[in-house]
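Listed below, chain by chain, are the residues.
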Number of protein chains: 2
Amino acid sequence: MKKIVSTSLLLLSMTLFGQAKEDSIQFNTISKEILNNGKGYVELKDLTKNIGHRLSGSPAYEKAVQWAAQRLRDAGADKVWLQDVTIPVWERGKESLKITANSGRWKTLKMLSLGNSEGTGGKDVSAEVIMVKSMEEYDKLPAEKVKGKILFFNYPFNQSFIETFRGYGDAAKYRVTAASLTAKKGGKFAIIRSLSSAFDDTPHTGAMRYEDNVDKIPAVAIGSTTADELEQLLKTQKVLATLNSNCGMKGEKASHSVIGEITGKKDKSVIVVGGHLDSWDVGEGAQDDGAGIVQSIEVLRTFKKLGIQNNHTIRVVCFANEENGLKGGLQYGKVAKDSNEKHLFAIESDAGGFSPRGIALDMDDTKRNQIKSWAPLFIPYGVYNFEGKYSGADISPLQAMGVPTAELAPDSQRYFDIHHTEEDTFDKVNRRELLLGAVAMTQLIYMIDKNW
Amino acid sequence: MKKIVSTSLLLLSMTLFGQAKEDSIQFNTISKEILNNGKGYVELKDLTKNIGHRLSGSPAYEKAVQWAAQRLRDAGADKVWLQDVTIPVWERGKESLKITANSGRWKTLKMLSLGNSEGTGGKDVSAEVIMVKSMEEYDKLPAEKVKGKILFFNYPFNQSFIETFRGYGDAAKYRVTAASLTAKKGGKFAIIRSLSSAFDDTPHTGAMRYEDNVDKIPAVAIGSTTADELEQLLKTQKVLATLNSNCGMKGEKASHSVIGEITGKKDKSVIVVGGHLDSWDVGEGAQDDGAGIVQSIEVLRTFKKLGIQNNHTIRVVCFANEENGLKGGLQYGKVAKDSNEKHLFAIESDAGGFSPRGIALDMDDTKRNQIKSWAPLFIPYGVYNFEGKYSGADISPLQAMGVPTAELAPDSQRYFDIHHTEEDTFDKVNRRELLLGAVAMTQLIYMIDKNW
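Bear in mind the structure is a predicted one, so any value in this text is a computation, not a measurement.

A.B. asks: Even after reading the chapter, I still don't get the sheet that holds strand E11 (residues 270-276) of chain B, so can you show me in this structure?
C.D. replies: To summarise the sheet geometry, strands pair through backbone hydrogen bonds and adopt either a parallel or an antiparallel arrangement. Residues and elements named next belong to chain B. The sheet built from 7 strands is open, its strands ordered E1-E10-E12-E11-E13-E15-E14 with mixed pairing. Either end of the sheet is taken by a strand with one partner, and the two such strands are strand E1 (79-91) and strand E14 (356-362). Adjacent strand axes in the sheet meet at a mean angle of 20° when their direction is disregarded. By the bridge criterion, 5 bridges tie E11 to strand E13 (residues 343-348) in an arrangement that is parallel. Pairing of Val270 across the sheet is with His343, part of E13. Packed onto the sheet, helix H14 (residues 431-451) meets E11, strand E12 (313-319), E13, E14 and strand E15 (405-410) and runs at close to 40° relative to E14.

This is the structure:
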């Protein structure tokens, strides 16, 4: 009996060893296929150069919808469809910001109105600029000092965090709340220092939000060096600024998220992999989030190309309207809930197509620990960090429904230099870095499909 | 007695905890200082834009020597000096490569002569091109098929390796040996496909070597897409090529490595941190190895700025002539040996200023394991991989003398897109990535200085 037990244990350990070895071989096959034959980089070039930026509601976004559907068919999806989504429409229009000080000369500053903000309606709005360096400083300012003025929130991006997402998160409240805070004390409009890790004059747009029952005054961003120059000027001179802008919300529109899948061979429960198809209306939306879109399509293509027998349905979702409404993610979650379709897992790539370093896991400890136990398989691919406990915005409605969710966690050092700017262009993406992200997602989905 | 033992153990574990905590605080202080106040990025801009590429023996290299000495003084070195090194001088001069096929039209190809190779002496050398895809294929070619021809070694960079250094190492023999192999079978000159991870037409230079007693025929590199086009052409047509080049060795010259140090407070044993000051004669030598130079100077500046009391001497060495002779590294090793100066440790940064991912350790297992035991301190900074067992070329003479050596191991995905090319320019370097490399080296040297 003792002998039999020993033999069983031996067989078990051999089996486990054999299993790990088989997985390791499959990881290598996936990696080689994508690094050598991956189409994501060429597809991203096509998306960014032939369609370019694609804010929800724009004609370019509608082109991107057709583009994504075709790419999913090309990749071998068994089924491709468009999911109806009603999206808000925001348009920028012409805009300019000028300042003048003692010299009397006007200087035009590089700037971008913040997304979802209202402009000046094409009229000049002028006033004196006053600066605060922090929220605390603003809170202490009496309303009479703000009334009739332009508020310049000059809070610098905190460079001390190793993960730049923490610096971004730390500064984000300035972008989101500056306008309403300024309006509540009677200011004319708000200028913020961009949420940027770079020391350049590139302004970063991004979503802001108006509080209910507060005047919708304009809010614009300027680049880091422009902010530094304005700060210097304000030390010795009275500065007047004039904003003329035409941006604003233009109602709603019917649009679509794009979905493609390969049907599960064992059951129809769903594994989602996705990114968002929309971008801001500047640059080319290359890192944010063209990268996530082409990586997700690469996952599907690789399963199909290698003939991996997926137990569960593997579904690529190219979400609409992440940037200024999250309507695509919300609608996907609603449809999933209403149809009672079982979702096993969802992962998003929306942190850029940089070298993958980890996978953030937003799920219970049992599942988290199971994925962490696979770490030795991932480490040869540079993917070592499974400590993050968050997931992508578009899949947050799934997460709220109890679906285990995750996000690809690439190296974050370069992202916030170009995020939401004219500089988020194809040349900022490296082929191998982009494809390695797709490798890590395919490997993870292979493991989850097989073990869950 | 039992009680006493327990208390001692408790005290010991508390002490260890306190120690680890103290180190962790110091790691954070170092990181904050460099990320917020580091000068390496601005210094690299100055080096690359105001001096540019700086091959050993060129006037630009001599300017870089003065530049580095001044930067070390600015950083607070107690002592700065130039170490005499006799270096080989290689010059490129004008060069062109043209091909023609059935159409009769000549097409000029982007190309670079390989470093240390001899040119055609300004004369046209023409012949038919024949292609091999691998060394094995070349070995099988009878000499009569090579005689009088131009050999095109079209071996592609292996994209399957996750660490691109492995792909580079795999292909390097083509660059190093193509000329002599071709000469031995009577060929006129060799063309190689560049050692490049990119799919573009950028040619990569780099050192080649002539075998003794073999004709010194020319060898040139072409970019990946140019190589692909030539391969396609050769499938259906006879291709003639003409090379006209003027490169060659021009004797030797007296030059210098640049050294700066802060003296040890406890003893004078030496910890070396360095990179190489020379570069190839194209681009700006930004990632290779301007990055390593400014990171090394940043280490010294940070010790000085933070007032860290270094037990041992911390010495920055900016080595001469790594690219085409290694004379700086060899001379440094010789002087260290002759003077019997005790070297405790040496680390080089010569793999680009990308996000650090690990530190390669070339030393005995006791020391290696001690450094590995510090991994938990490094992981919050993204530095997790201590498995590499190699170190920089310039410190290989120290390694041969038994000094424990290491190399900063940054993310390798982008390096071989631009290595040894016109494209190795300042804009390819990211400020935070560069500085994080300096952070990791400073942290490691802090630990070694304190514990060895």
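From this point, things continue past the structure.
A.B. asks: Honestly, the layout of surface pockets in this entry has me stumped. Any pointers?
C.D. replies: To find leftover empty space, one rolls a probe the size of a water molecule over the atoms. One number sums up the size of the largest pocket: a volume of about 1,500 Å³. Taken together, 45 residues make up the lining of the largest pocket; nearest its centre are Arg414, Asp427 and Lys428 of chain A together with Asp427 and Lys428 of chain B. Contributing elements (two or more residues each) for the lining of the largest pocket: helix H1 (2-37), helix H2 (40-51) and helix H13 (415-418) of chain A together with helix H2 (40-51) and helix H13 (415-418) of chain B. Taken together, the residues that form the lining of the largest pocket break down as 16 nonpolar, 11 polar and 18 charged.

A.B. asks: Sorry if this is basic, but what is going on with the UniProt feature "domain: Peptidase M28" (unreviewed entry) in chain A here?
C.D. replies: In the UniProt entry, the feature "domain: Peptidase M28" (unreviewed entry) is given for residues 258-434 of chain A. The straight-line gap between the two end C-alpha atoms of residues 258-434 of chain A is 21 Å; of that span, 33% is helix and 21% is strand.

A.B. asks: Help me understand the environment of Gly38 of chain B, please; the structure alone is not making it clear to me.
C.D. replies: Residues and elements named next belong to chain B. Along the chain, the position of Gly38 falls in the loop between helix H1 (2-37) and H2. With a relative accessible area of 16%, Gly38 lands in the buried category. With 400 residues separating them along the chain, Gly38 and Ala438 place their C-alpha atoms 8.9 Å apart.

A.B. asks: Help me understand the interface of chain A and chain B, please; the structure alone is not making it clear to me.
C.D. replies: Interface size is commonly expressed as the accessible area that is lost once the parts come together. Between chain A and chain B, the residue contacts involve 27 residues of the former and 28 residues of the latter. With both sides pooled, the region where chain A packs onto chain B buries about 2,400 Å², and carbon together with sulfur makes up 49% of that total. Our enumeration of links across chain A and chain B arrives at 2 salt bridges. When the shortest N-O distance is used, the salt bridge between Glu433 of chain A and Arg414 of chain B registers 3.4 Å. The interface formed by chain A and chain B contains 20 residue pairs in polar contact (both at pLDDT 80 or more). Elements represented by at least two residues in the side of chain A that touches chain B include exactly H1, strand E14 (356-362) and helix H14 (431-451) of chain A.

A.B. asks: Whenever I open this one, the pattern of salt bridges confuses me. Can you help?
C.D. replies: When the charged atoms of two side chains with opposite charge come close together, those side chains can pair. The full count for this structure, using the stated rule, is 49 salt bridges over all chains. A salt bridge links Lys305 of chain A to Glu33 of chain A; the nearest nitrogen and oxygen atoms lie 2.8 Å apart. On the criterion of sequence distance, the pair formed by Lys305 of chain A in helix H8 (residues 286-306) and Glu33 of chain A in helix H1 is long-range, its members being 272 residues apart. What makes Glu33 of chain A buried here is its relative accessible area of 11%. Across the pair Glu261 of chain B and Arg315 of chain B runs a salt bridge whose closest N-O atoms are separated by 2.8 Å. Of the two residues, Glu261 of chain B is situated in strand E10 (residues 248-262) and Arg315 of chain B in strand E12; the sequence distance between them amounts to 54 residues. Here Glu261 of chain B and Arg315 of chain B have matching classes, each one buried. Through salt bridges that share partners, Arg414 and Glu433 of chain A together with Arg414 and Glu433 of chain B make up one connected network.

A.B. asks: Explain the nonpolar core to me, please; I cannot follow it from the model alone.
C.D. replies: Inside soluble globular proteins, nonpolar side chains tend to come together where they are buried. Counting 69 residues, the largest nonpolar core has Leu277, Phe345, Ile347, Ile359, Ile371, Trp374 and Leu444 of chain B as the members making the most contacts within it. With 12 residues, H14 of chain B is the largest single contributor of residues to this core. Once residues within four sequence positions are removed from consideration, Leu277 of chain B is found in contact with Arg54, Tyr61, Ala64, Val65, Ala68, Val258, Ile293, Cys318 and Phe319 of chain B. By size, the runner-up hydrophobic cluster in this structure holds 67 residues, among which are Ala77, Ile293, Met441 and Trp452 of chain A.

Rules used in this analysis
- Residues numbered from 1 in each chain as written.
- Chains lettered and ligands numbered in written order.
- Predicted model: local features only at pLDDT ≥ 70, side-chain atom pairs only at ≥ 80, totals over all residues.
- Heavy atoms only, no water.
- Pairing = 2+ DSSP bridges.
- Helix = DSSP H or I, 4+ residues; strand = E, 2+ residues; numbered from the N terminus.
- Axes fitted to C-alpha atoms, helices over the stretch in contact; angles between N-to-C directions.
- Contact = heavy atoms within 4.5 Å.
- 1 Å grid on protein atoms, 1.4 Å probe; cavity = no way out; pocket = protein on both sides within 12 Å on 5 of 7 lines; lining within 4 Å.
- Points joined across faces, edges and corners; volume = space filled by probe spheres on them.
- Nonpolar A, V, L, I, M, F, W, Y, C, P; charged D, E, K, R; others polar.
- UniProt positions renumbered as here; feature names shortened; annotations may be inferred.
- Buried < 20%, exposed > 50% of the residue type's maximum accessible area, 1.4 Å probe, protein only.
- Buried area = accessible area lost by both parts, 1.4 Å probe.
- Salt bridge = Lys/Arg side-chain N within 4 Å of Asp/Glu carboxyl O.
- Polar contact = N/O pair within 3.5 Å; in protein donor to acceptor, adjacent residues only side chain to side chain.
- Core = buried A, V, L, I, M, F, W, Y, C linked by side-chain atoms within 4.5 Å.

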